[in-house]
2 protein chains.
Amino acid sequence: MHTKILLDEEHLPKRWYNILADLPTPLDPPLHPGTGKPVTPEDLSPIFPMELIRQEMSPQKMIDIPEEVRDILRIWRPAPLYRAHRLEARLKTPARIYYKYEGVSPAGSHKPNTAVAQAYYNMKAGVERLATETGAGQWGSALAFATKVFGLECTIYMVRSSYAQKPYRKSMMHVWGAECIPSPSTKTKAGTAVLEHDRDTPGSLGIAISEAVEDAATHANTNYSLGSVLNHVCLHQTVIGLEAMEQMAQVEEYPDVVIGCVGGGSNFAGIAFPFAGDKLKGSHKETEIIAVEPTACPTLTRGLYTYDYGDVAGLTPLLKMFTLGHDFVPPSIHAGGLRYHGASPIVSKLVQEGTMTATSCYQTEVFEAAQTFAQTEGFIVAPETSHAVRVAIDKALECKKTGEEKTILFNCSGHGDFDMSAYDAYYAGKLEDYEYPEQLIRESLARIPKIPT
Amino acid sequence: MHTKILLDEEHLPKRWYNILADLPTPLDPPLHPGTGKPVTPEDLSPIFPMELIRQEMSPQKMIDIPEEVRDILRIWRPAPLYRAHRLEARLKTPARIYYKYEGVSPAGSHKPNTAVAQAYYNMKAGVERLATETGAGQWGSALAFATKVFGLECTIYMVRSSYAQKPYRKSMMHVWGAECIPSPSTKTKAGTAVLEHDRDTPGSLGIAISEAVEDAATHANTNYSLGSVLNHVCLHQTVIGLEAMEQMAQVEEYPDVVIGCVGGGSNFAGIAFPFAGDKLKGSHKETEIIAVEPTACPTLTRGLYTYDYGDVAGLTPLLKMFTLGHDFVPPSIHAGGLRYHGASPIVSKLVQEGTMTATSCYQTEVFEAAQTFAQTEGFIVAPETSHAVRVAIDKALECKKTGEEKTILFNCSGHGDFDMSAYDAYYAGKLEDYEYPEQLIRESLARIPKIPT
């Protein structure tokens, strides 16, 4: 009876799985924010290297992972797959619960899976510096690590409130040689404009994106890098699901339920796309694939499926996705990585068409699940990850009622070492269970730009 | 060319290696603090379960690991062994550097290896609560995890200055259901006495030990638990070296140099004892086995090999060991886990007799090494661990000069996720390179009690 299922590094996937090739109808194209016309590769070339642009739009089903990238991924990949024996026993469920543990990476989450690939392709293209934004710091620290490995410089605009509240993610970025700037800053026009309007703004991910994009667009040899949402980011994360599928096959299992938390959608895409691909191709049609988001930022469950900007300032292309409106400001919950108004266009389409479903959880029930997990499986996980844990537990408890022996797989996307203040707040009874008022969501949705289709 | 060498969980050791069986002459016995006579098992029985007392004094070479303990160790064990290809390339050394990574445990260090075993034996003995002390919190969080797994309660006396400076280790203990009390406290006579004398004392490990021992001795169904120094603790840590030996054999290697940092000595013992055992038995006699300590607390390099107390108050048995004097207060360096006046009696004896050697490092050179490691191998390690990294790098640089292709193995005992403020201090230039003045050490050594032998 295995506790963890390991793969030798020879089993690290050699190719990423591109679900675009298996979609029954093509994805609606991103539109240029100025013209409203589909963006061309050339439109994106000032801020992305051509190889990533190619991947963003590729019809090719399997895409080779460069050996130099695999060489770095091998530091922590293949990641272990766990059978949650002790959690199952605690729940007294007939269900079998498995989780893929991505907390073993140097930065402590799934984020380096794409950071390494992005840093590599930029290095190959002769780029010398990457600019990016980060909220709570998971993505910023991952890109700091990856750029250092490939000898690039890195500038990270970190949402000011997080910069103050979570200083140790910034410290990690420093250890890996990156520059971390509280956003909004006076380094960019976008940041300066915001500061002139409100000196004391706590900042937001939307503002930080605007700053990083402007930095990349206005500096030589500097590109922009995004940690979620885009197709190529989801593509790089599919190593998670590809490995999990092989690991489950080793113990002769295939999941009935696949679960991941969703902010921009990349860790969820990572574990879910290979299984969703099976579904799209007609096998394992009954697999339930569940995206979990916070009730405080209910993009997939209460948003609109339409074209919208990726940032507040409207500098990014318009993406067809579920959105709460590009100027929607979610309340300051502890799962900072899930506070995004939009979601991956591919995830959005698959939810819209029913291949996947979405649900939402309150903060307190999420931390309660995380405590149960820590006290049985040992690992203290990130608040974001705890959303997936909550739904995995709920599904297992359903099985307890029905007697079904379902196989449940969830993505345990990161550890909570830098989130202990959130656990403190939970124990102190200070977490608010925020549910966004209907009226505010309606108003925010009404501000989404009208695009002629 | 492997990056990491994994073992399947079937290869988790079934038995611990007890080096006591291979010592050429027996260890000098611990002495009763009241009578000065060798302690008997009965003397220890008020605070330890009989099985651990038996292991403390056992002549048996291999001791079975209970299946219930192995079942929990499997959460993170066997731990990966890494070949540090990128570090080697950075150093341009002909040496081959390997490291055993213990940061993968739920608490982030090697400490759970013994915490799980200790909690298990206490549970089997019908004990309901464990009391312990912790400095920076590594040990306290490990025991909190282990006691929760076996359904025991846990009370942890945490050195007051650390309690304030490193609040997130305390948060981890809470998640795992333990009670964490700043020490000195008014819960014990020992603590109360210290507070009456000095309300504003920052506390010390010596005081916290006194409190935990008193707690255990004065409460029904409560035992005491220690995270280092003692023979049974070192015994439980030998899984590290036993696994490493098997992993190195897989790639047809045997180390020329084995390195670990030393506070009480348990992680060092863990990696070193199996190799020291080979040496004692006459094979691989040339293996260099190096204990690394901070210059600020130079127990093995500048202390005396003699009987001394394990705590300030003199409540513990007298141990024959290297000591700086039981009331020695090391300066407040960031490697809190290495701030102990004594060391494992077995490690002390092996250093005294030349099977192992000891060296010391300054703080700044240690953090410089940790940065090099993080920027090549990815992992940001604990300040304690960084001492081992420093000497591994120095040995590799020696090989660069001499052209020798030595095989270097070090124990990468824990991650630095809860130590980022130490890295901040390093980058801010605030770390002092403390070397303890000869006069102060002489004075402290003069206060060691005279024991008739």
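Conventions and cut-offs
Residues numbered from 1 in each chain as written. Chains lettered and ligands numbered in written order. Predicted model: local features only at pLDDT ≥ 70, side-chain atom pairs only at ≥ 80, totals over all residues. Heavy atoms only, no water. Axes fitted to C-alpha atoms, helices over the stretch in contact; angles between N-to-C directions. Helix = DSSP H or I, 4+ residues; strand = E, 2+ residues; numbered from the N terminus. Parallel < 35°, antiparallel > 145°, perpendicular 65-115°, else oblique. Left-handed = near helix turned anticlockwise from the far one by under 90°. Contact = heavy atoms within 4.5 Å. Nonpolar A, V, L, I, M, F, W, Y, C, P; charged D, E, K, R; others polar. Buried < 20%, exposed > 50% of the residue type's maximum accessible area, 1.4 Å probe, protein only. Pairing = 2+ DSSP bridges. Right-handed = clockwise from strand over helix to strand, strands pointing away. Domains from an automatic or database assignment. Buried area = accessible area lost by both parts, 1.4 Å probe. Polar contact = N/O pair within 3.5 Å; in protein donor to acceptor, adjacent residues only side chain to side chain. Least-squares fit on C-alpha atoms with pLDDT ≥ 70 in both. Salt bridge = Lys/Arg side-chain N within 4 Å of Asp/Glu carboxyl O. Phe/Tyr/Trp six-rings, centres within 6.5 Å; stacked < 30°, edge-to-face > 60°. Lys NZ or Arg CZ within 6 Å of the ring centre and 35° of its normal.

Caption draft 1: Quick look at the packing of helix H12 (residues 266-280) of chain B against helix H14 (residues 345-352) of chain B. Residue and element names in this part refer to chain B. Interhelical geometry of H12 versus H14 gives an angle of 45° and a closest axis separation of 12 Å. Taken together, the axis directions place H12 and H14 in an arrangement best described as oblique. The way H12 lies across H14 gives a crossing that is left-handed. Listed contacts from H14 to Phe268, Ala269, Phe273 and Leu280 of H12 are Ile346, Val347 and Leu350. Taken together, the residues of the contact of H12 with H14 break down into seven nonpolar, no polar and no charged.

Caption draft 2: Up close: the pairing of strand S11 (residues 288-294) of chain A. Residue and element names in this part refer to chain A. Judged by how many residues are buried, S11 sits mostly within the fold: six of seven residues are covered. In this sheet, S11 lies alongside strand S10 (residues 257-261) in parallel orientation, the contact comprising five bridges. Looking at S11, one finds that Val258 is bridged to Ile289. Remark: the S10/helix H12 (residues 266-280)/S11 crossover connection has right-handed handedness. Looking at chain direction, S11 and strand S14 (residues 357-361) are connected through five bridges and run parallel.

Caption draft 3: Representation of the domain arrangement of chain A. Residue and element names in this part refer to chain A. Taken domain by domain, chain A holds domain 1 (18-66 + 112-228) and domain 2 (78-108 + 232-445). One C-alpha centre belongs to domain 1, the other to domain 2; they are set 22 Å apart. At the junction of the two partners, domain 1 supplies 48 residues and domain 2 supplies 45 residues. Taken together, both faces of the contact between domain 1 and domain 2 bury some 3,800 Å²; the carbon and sulfur share is 65%. Viewed at the interface, domain 2 and domain 1 are joined by 14 residue pairs in polar contact (both at pLDDT 80 or more). Listing elements by their share of the side of domain 1 that touches domain 2, those giving two or more residues are helix H2 (50-57), helix H5 (112-124), helix H6 (138-149), helix H8 (167-175) and helix H10 (205-218). Among the residues forming the side of domain 1 that touches domain 2, the class breakdown is 28 nonpolar, 14 polar and six charged.

Caption draft 4: Looking closely at unusual backbone geometry. Between A:Arg77 and the following residue, A:Pro78, the backbone shows a cis peptide bond with an omega angle of -10°. Here B:Ser183 and B:Pro184 are connected by a cis peptide whose omega angle stands at 5°. With respect to the secondary-structure elements, B:Pro184 resides in the loop between strand S8 (179-183) and helix H9 (189-197). The backbone of A:Lys92 shows a phi angle near 55°, a positive value even though the residue is not glycine. Take A:Lys92: it is sitting in the loop between helix H4 (85-91) and strand S5 (96-101).

Caption draft 5: Representation of the relation of the copies chain B and chain A in the model. Once chain B is rotated about the relating axis by 180° and shifted along it by 0.0 Å, it coincides with chain A to within an RMSD of 0.0 Å. In short, the pair behaves as if placed about a two-fold rotation axis. Interface overlap between copies: 100% of the residues of chain B at the interface are likewise at the interface in chain A, consistent with a symmetric, same-surface contact.

Caption draft 6: Structural context of the interface of chain B and chain A. The interface of chain B with chain A comprises 44 residues on the first partner and 44 residues on the second. Taking both partners together, chain B and chain A bury about 3,700 Å²; carbon and sulfur atoms supply 56% of that area. Counting the surface chain B buries against chain A, the share from its top three residues, B:Ile75, B:Val175 and B:Gln375, is 17%. Here chain B is connected to chain A by two salt bridges. Here A:Glu9 ties to B:Lys4 by a salt bridge, and the two come within 3.6 Å at their closest N and O atoms. Those elements that provide at least two residues to the side of chain B that touches chain A are helix H3 (67-73), helix H6 (138-149), helix H8 (167-175), helix H15 (363-377) and helix H17 (420-427) of chain B.

Caption draft 7: Structural detail: the pattern of salt bridges. Here the structure, examined in full by the defined rule, presents 51 salt bridges over all chains. Taking the shortest distance from any N to any O, the salt bridge between B:Lys395 and B:Glu288 comes out at 3.0 Å. Taken together, the positions of B:Lys395 in helix H16 (residues 383-402) and B:Glu288 in strand S11 (residues 288-294) put the pair 107 residues apart, joining distant regions of the chain. Here B:Lys395 falls in the buried class, since its relative accessible area comes to 12%. The exposure class assigned to B:Glu288 is partly exposed, which follows from its relative accessible area of 26%. Here the salt bridges do not stand alone but share partners, grouping A:Glu67, A:Arg70, A:Asp71 and A:Arg74 into one network.

Caption draft 8: Structural context of the sheet that holds S11(B). Residue and element names in this part refer to chain B. Taken in spatial order, the seven strands of this open sheet run S1-S4-S5-S15-S10-S11-S14, and their pairing is mixed. The sheet is open, and its two edges are formed by strand S1 (4-5) and strand S14 (357-361), each paired on a single side. In the packing of helix H11 (residues 231-250) onto the sheet, the strands contacted are S1, strand S4 (81-83), strand S5 (96-101) and strand S15 (407-412), and the crossing angle to S5 comes to about 140°. Set on the sheet, H16 makes contact with S5, strand S10 (257-261), S11, S14 and S15; between it and S10 the angle comes to about 155°.

Caption draft 9: Summary view of the packing of aromatic side chains. Summed over the entire model, instances satisfying the criterion amount to 38 aromatic pairs over all chains. Between B:Tyr99 and B:Phe410, the ring centres sit 5.5 Å apart and the planes meet at 25°, which makes this aromatic pair stacked. Here B:Tyr99 is found in strand S5, whereas its partner B:Phe410 is found in strand S15, with 311 residues between them in sequence. Aromatic ring contacts, followed pair by pair, group A:Tyr82, A:Tyr99, A:Tyr101, A:Phe373, A:Phe379 and A:Phe410 into a single cluster. Note that B:Lys170 overlies the ring of B:Tyr163, its terminal NZ or CZ placed 4.3 Å from the centroid.

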